Amino acid sequence: MASGKVLIYGGRGALGATCVQYFKNNNFWVGCIDLAANESADVNIIVDRDADWVSQEQSVLSQVESSLKGDKLDAVICVAGGWAGGNASKELAKNSDLMWKQSVWSSAIAATVGANHLKTGGFLALTGANPALAGTPGMIGYGMAKAAVHQLTKSLAGKDSGLPDQSLVVSILPVTLDTPMNRKWMPKADFGTWTPLEFIAELFHKWTKNEERPVSGSLVKLITKDSKTELVIAE
């Protein structure tokens, strides 16, 4: 008998795959939503990258419904996203469009999945970004998209947002994640300031089990120094 059921949106990425494996290791049924399958998941819900936002939402909802067979979810965890740099002088629309698709489309669809399939007291995780609490002139499209996720988090925590009663919705706000790709592109960085993926997976597991939960609507900064990570609630 599984400990519970969770969906990981972006379960093929570095952080998502770590979350899939962590929950599997803790005896959860795990569904993966992504552009491609994660073979470790119990169910894979494939998103068509060429479909528009509405079509993606309809397709994901339909596949989730058929996968759950009437069961409710303990958590919907959205760690889909990406990064693009650039200022207003060149390709702002192109970069912003990509960031919107990767961060905002996925977060909004995850919210709709949560509203329809989370159990009472369930957990919805979204992924914001610490730099997007202020101006991001060197990565404007990224900053706009992540700021939208922060706003979505606050809205979903409010009364009549559509989420089930006593739900927890939180955005994690990492600075830099310790992923193989980041190590490849930034080999001389101080890895002691990068947040380990396992730390985040463990955090999500705790919150799913209703342990040490922050207030709903919190934007939780993940600040890592000397390889130790602390949680700081953004004002």
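Structure shown above.
It should be emphasised that the depicted structure is a prediction, and the values quoted were computed from it without experimental measurement.

Caption draft 1: Spotlight on a nonpolar patch on the surface. Residues Trp53, Trp100 and Met144 make up a contiguous nonpolar surface patch of roughly 280 Å² in combined accessible area. As for its placement among the helices and strands, Trp53 is situated in helix H2 (residues 53-68).

Caption draft 2: A look at the pattern of salt bridges. Here the structure, examined in full by the defined rule, presents nine salt bridges. Here Lys206 makes a salt bridge to Glu212, at a shortest N to O gap of 3.6 Å. Here Lys206 falls in the partly exposed class, since its relative accessible area comes to 24%. Since its relative accessible area comes to 62%, Glu212 is described here as exposed.

Caption draft 3: Seen up close, the environment of Asn95. Secondary-structure assignment places Asn95 in helix H3 (residues 92-117). Setting aside residues no more than four positions away along its own chain, Asn95 makes contact with Ala84, Gly85, Gly86 and Lys90.

Caption draft 4: Local environment of unusual backbone geometry. Positive phi, close to 50 degrees, is recorded for Lys69, a residue that is not glycine. Mapped onto the elements of the fold, Lys69 is located in the loop between H2 and strand S4 (73-78). The exposure class of Lys69 is exposed, given its relative accessible area of 69%. A positive phi angle, close to 55 degrees, is found at Glu212, a residue other than glycine. Tracing the backbone through its elements, the reader meets Glu212 in the loop between helix H6 (197-208) and strand S7 (219-225).

Caption draft 5: Seen up close, the environment of Ile45. Relative to the elements of secondary structure, Ile45 occurs in strand S3 (residues 43-46). With relative accessibility at 0%, the residue Ile45 sits in the buried group. Distance in space between the C-alpha atoms of Ile45 and Thr229 is 32 Å, their sequence separation being 184 residues. Not counting residues within four places of it along the chain, the set of residues in contact with Ile45 comprises Leu7, Cys32, Ile33, Asp34, Val60, Gln63, Val64 and Ser67.

Caption draft 6: Representation of the sheet that holds S3. Strand order in the open sheet formed by eight strands is S3-S2-S1-S4-S5-S6-S7-S8, and the pairing between neighbours is mixed. Looking along the sheet, the strands with just one partner apiece sit at the ends: S3 and strand S8 (228-233). Strand-to-strand, the axes of this sheet are offset by a mean angle of 20 degrees, without reference to chain direction. Here S4 pairs with strand S5 (residues 118-127) via four bridges, running parallel. Looking at S5, one finds that Leu73 is bridged to Leu118.

Caption draft 7: Layout of the side chain of Thr153. Structurally, Thr153 can be placed in helix H4 (residues 140-156). Look at Thr153 and you get buried, because its relative accessible area is 0%. Separated by 2.7 Å, the side chains of Thr153 and Ser171 make a polar contact.

Caption draft 8: Up close: the packing of H2 against H3. The geometry of H2 relative to H3 is characterised by a closest axis approach of 10 Å and an angle of 40 degrees between their N-to-C directions. Judged on the interaxial angle alone, H3 and H2 are oblique. Crossing angle aside, the handedness with which H2 passes H3 is right-handed. Contacts between H2 and H3 involve Trp53, Gln56, Glu57, Val60, Leu61, Val64, Glu65 and Leu68 on the former and, on the latter, Trp100, Val104, Trp105, Ala108, Ile109, Thr112, Val113, Asn116 and His117. In the contact of H2 with H3, the residues fall into eleven nonpolar, four polar and two charged.

Caption draft 9: Structural view of the packing of aromatic side chains. With the rule as written, the count across this model stands at five aromatic pairs. On the numbers, 5.9 Å between centres and 85 degrees between planes, the contact of Phe123 with Trp207 is edge-to-face. A residue pair is termed long-range when its members are at least 10 positions apart, and Phe123 in strand S5 and Trp207 in helix H6 qualify at 84 residues. Accessibility assignment for this pair places Phe123 and Trp207 in one class, buried. Here the aromatic residues Phe123, Phe204 and Trp207 are joined through ring pairs into a cluster of three or more.

Caption draft 10: Here's a closer look at H3. Here H3 spans 36 Å end to end across 26 residues, near enough to the 38 Å set by a 1.5 Å rise per residue. Trp100 marks where H3 bends most, by close to 35 degrees.

So, how was this worked out
- Residues numbered from 1 in each chain as written.
- Predicted model: local features only at pLDDT ≥ 70, side-chain atom pairs only at ≥ 80, totals over all residues.
- Heavy atoms only, no water.
- Patch = residues over 30% accessible without salt bridge, like charges linked within 9 Å, V, L, I, M, F, W, Y side chains within 5 Å.
- Areas by Shrake-Rupley, 256 points an atom, 1.4 Å probe, with all protein chains shown as cover.
- Salt bridge = Lys/Arg side-chain N within 4 Å of Asp/Glu carboxyl O.
- Helix = DSSP H or I, 4+ residues; strand = E, 2+ residues; numbered from the N terminus.
- Buried < 20%, exposed > 50% of the residue type's maximum accessible area, 1.4 Å probe, protein only.
- Contact = heavy atoms within 4.5 Å.
- Pairing = 2+ DSSP bridges.
- Axes fitted to C-alpha atoms, helices over the stretch in contact; angles between N-to-C directions.
- Polar contact = N/O pair within 3.5 Å; in protein donor to acceptor, adjacent residues only side chain to side chain.
- Parallel < 35°, antiparallel > 145°, perpendicular 65-115°, else oblique.
- Left-handed = near helix turned anticlockwise from the far one by under 90°.
- Nonpolar A, V, L, I, M, F, W, Y, C, P; charged D, E, K, R; others polar.
- Phe/Tyr/Trp six-rings, centres within 6.5 Å; stacked < 30°, edge-to-face > 60°.
- Expected span 1.5 Å × (residues − 1).
- Bend = angle between axes of the 7 residues up to and from the residue.

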